[in-house]
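This is what each chain is made of:
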Amino acid sequence: MYEIWNECLAMIRENVPAGSYSTWFEPIRPVDYRNGLLTIQVPSDFFYEYLETHFIKVIKATIRKVLGPEGKLEYSIMMDNDSNRPVVVKQPSVDRTNTKNPPKQIQIDFDRPETVIPNPFVLPGIKKINIESNLNENYCMENFVVGECNRVAYEAGLAVAKNPGRTSFNPMFVFSPTGMGKTHICQAIGLETKKYHPELTVLYVNAEQFLMQFQASCRNNSSKSSRDDFVHFYQMIDVLIIDDIQFLSGKPKTQDTLFHIFNHLQQTGKQLVFTSDKPPAEIKDMEQRLISRFKWGLSAEMSLPDVETRRNILKRKAYNEGVELPEEVVDYIAENIKTNVREMEGFLISLIAQSSLNKKSITISLAKQMVERFVNNANREITISYIINTVCEEMGTSQADFFTKSRKRNIVQARQLSMYFSKKYTKAPLTSIGEQCGGKDHATVIHALKTVANLLDTDKQFKAVADNIERALQ
Ligand code: ADP
Ligand code: MG
């Protein structure tokens, strides 16, 4: 089995770009081979979808060559940790690159309803009503710089825009800490969808607006019908994008209404896109059935871009502003402002403003002066999430792992150090430090503080790491 798969890999490697090979093929494991049927395990549904849309020709040719004309391939898709059991999907590859209606995607969640219930209230044709999409042209795909930190969200976003409601990324759920590009990418999905499908009704709404509209519809005198109007309005949308869904936490009525809208749209093949500052399972006070639906499709995390991507983002912004930035200034900013993209962008704008006000050109020394001021300012209010960012970056751990229940040593230490520095540099109470550092309780924080203090005294290597982090924080 391994030999066969290795043979396949060798052939694939020659036929796809090196980057694609390592991203999409190396993580695949062969799991079974009998009677001409090779089963390979892919890490997620997204992987499967991606392989099928991008590499199907190569895969088919390879299978034919290595296994013979009767050879068959089957994917086994690793499911979310919830169920912990991989699900084998018996689905022979078909060339879907030219198909208008791709075959219905594999089931991920078993309680997912299959029946299509037409909405009795919406008449055919009513969609022609012109609904303002609330999209900002600047947040387009072309202005979105892609790096490892956001590639999954970007690629999935493109796929969704081309085939809204028809991919398995439905809903598409994007999460990241603040300032990492969630609003940008989900707006870009809306804009891109309109490009491919001008006939579709796309709506972007922030969850806060959604909440306020809903509350207003409840306050209205003829409350029942006004609430119905609210629901019907949302049920008319083809691509519904709700940004910052965490705003609905602790709002059971709005959640309930969203649940019904969600079901209706899903069942009628419409696309949903959500963003949040946390993965679905970690949103507090959110109905379980909604969380389970958020997990139906694809959850894509975005994290802080690496230096190279930060550089590219700066160049793109400068270009859009019509300003030329010397390389060394780009480097300097990218290396020194690493809280999030929004701050980096904010800094660039103030730099441009400063230089035009004083009629000075943008030089490295101007940038340095301003970084000092800017970073000092930022220093006065170090936040817990900034600390977590810095710790993860310095320790080379991913934020995704940080917020899981993983007990791996380096991850536990990253959490403990984050708690330690949060205690040292913020005024936050221990309970809220614990909550933000992966949902830990007060006792865990106290234990972490003791452990770190101990290790600082006894473990030189640990102390060196902690010192580095502390320097980076300042
Ligand atoms: P979030 O919604 O996650 O808080 P935003 O989408 O508002 O973040 O992003 C903050 C700013 O950073 C926006 O101006 C956005 O255009 C910019 N930005 C973030 N990521 C990227 C990226 N990958 N490419 C270009 N600009 C980006
Ligand atoms: Mg946002």
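Residues numbered from 1 in each chain as written. Chains lettered and ligands numbered in written order. Predicted model: local features only at pLDDT ≥ 70, side-chain atom pairs only at ≥ 80, totals over all residues. Heavy atoms only, no water.

### Some thoughts on the packing of helix α17 (residues 409-425) against helix α19 (residues 442-458)
For the record, the criterion: Orientation is described by lines fitted to C-alpha atoms, with helices fitted over the stretch in contact, and by angles between N-to-C directions that extend from 0 to 180 degrees. Note on conventions: DSSP H or I runs of at least 4 residues are helices, E runs of at least 2 residues are strands, and numbering of each starts at the N terminus. The labels follow the angle: roughly parallel below 35 degrees, roughly antiparallel above 145, roughly perpendicular from 65 to 115, and oblique for the rest. By the convention used here, residues are in contact when the closest approach between their heavy atoms is within 4.5 Å. Residue polarity follows a fixed list, in which Ala, Val, Leu, Ile, Met, Phe, Trp, Tyr, Cys and Pro are nonpolar, Asp, Glu, Lys and Arg are charged, and the others, Gly among them, are polar.
The contact between α17 and α19 brings their axes to 9 Å, and the two run at 95 degrees. Considering the angle they form, α17 stands roughly perpendicular to α19. Within the contact between the two elements, α17 uses Q413, Q416, L417, M419, Y420 and K423 and α19 uses T444, V445, H447, A448, L449, T451, V452, L455 and L456. The residue inventory of the contact of α17 with α19, partitioned by class, reads nine nonpolar, five polar and one charged.

### Examining the site of ligand 1
Rules: For each residue, the test is whether any non-hydrogen atom lies within 4 Å of the molecule or strand; if one does, the residue is near. In protein, a polar contact means a hydrogen-donor-capable atom and an acceptor-capable atom, both N or O and within 3.5 Å, with residues adjacent in sequence counting only if both atoms are side-chain atoms; elsewhere, any N or O pair within 3.5 Å suffices. Throughout, the Shrake-Rupley method with a 1.4 Å probe supplies accessible areas, and for residues the shown protein chains are the sole cover considered.
Every one of the 19 residues lining ligand 1 counts as a neighbour, but V145, G179, H184, R342 and E345 are closest to it. Here an oxygen atom of ligand 1 sits 2.9 Å away from a polar atom, N or O, in the side chain of K182. The fraction of the free accessible surface of ligand 1 (550 Å²) that becomes covered by protein chains is 95%. For the shell around ligand 1, the secondary structure elements donating two or more residues are α6 (182-196), α11 (307-321) and α13 (341-357). The residue inventory of the shell around ligand 1, partitioned by class, reads seven nonpolar, eight polar and four charged.

### Topic: the packing of helix α7 (residues 207-219) against helix α9 (residues 252-267)
Where α7 meets α9, the closest approach of the two axes is 10 Å, and the angle between their N-to-C directions is 100 degrees. In terms of orientation, α7 lies roughly perpendicular with respect to α9. In this structure, α7 uses F210, L211 and F214 to contact α9, whose residues at the interface are K253, T254, T257, L258 and I261. Residues of the contact of α7 with α9, tallied by class, amount to five nonpolar, two polar and one charged.

### Examining the pattern of salt bridges
Which entries qualify depends on this criterion: The salt bridge criterion pairs a side-chain nitrogen of Lys or Arg with a carboxyl oxygen of Asp or Glu, the two atoms within 4 Å. Each residue is assigned to one of three classes by its accessible area relative to the maximum for its type, calculated with a 1.4 Å probe on protein chains only: buried under 20%, partly exposed between the two thresholds, exposed over 50%.
If you walk through the whole model with that rule in mind, you get 15 salt bridges. Between E335 and R311 there is a salt bridge, with the nearest N and O atoms lying 3.7 Å from each other. Of the two residues, E335 sits in helix α12 (residues 327-336) while R311 sits in helix α11, which places them 24 residues apart along the sequence. Under the relative-accessibility criterion, E335 is labelled partly exposed at 43%. Each of E308, R311, D331 and E335 takes part in one network of salt bridges that share partners.

### Comments concerning the environment of K195
Within the element layout of this structure, K195 appears in helix α6. Taking the relative accessible area as the measure of exposure, K195 reaches 53% and is therefore exposed. With 34 residues separating them in the primary sequence, K195 and A161 have C-alpha atoms 8.5 Å apart.

### Remarks on the environment of T397
Note on placement: T397 falls in the loop between α15 (384-395) and α16 (399-402). Residues T397 and N410 lie 13 residues apart in sequence; the distance between their C-alpha atoms is 7.6 Å. With residues up to four places along the chain from it excluded, the contact list for T397 reads C392, N410, I411 and A414.

### Re the sheet that holds strand β6 (residues 202-206)
Test applied: A pair of strands is considered paired only if DSSP assigns at least 2 bridges between the two.
The five strands lie next to each other as β6-β7-β8-β5-β9, forming an open sheet whose pairing is parallel. This sheet does not close on itself; its edge strands, each paired only once, are β6 and β9 (298-301). Along the sheet, successive strands turn relative to each other by an average axial angle of 15 degrees, direction set aside. Pairing geometry for strand β5 (residues 172-175) and β9, over four bridges, is parallel. Counted as the bridge partner of M172 is L298 from β9.

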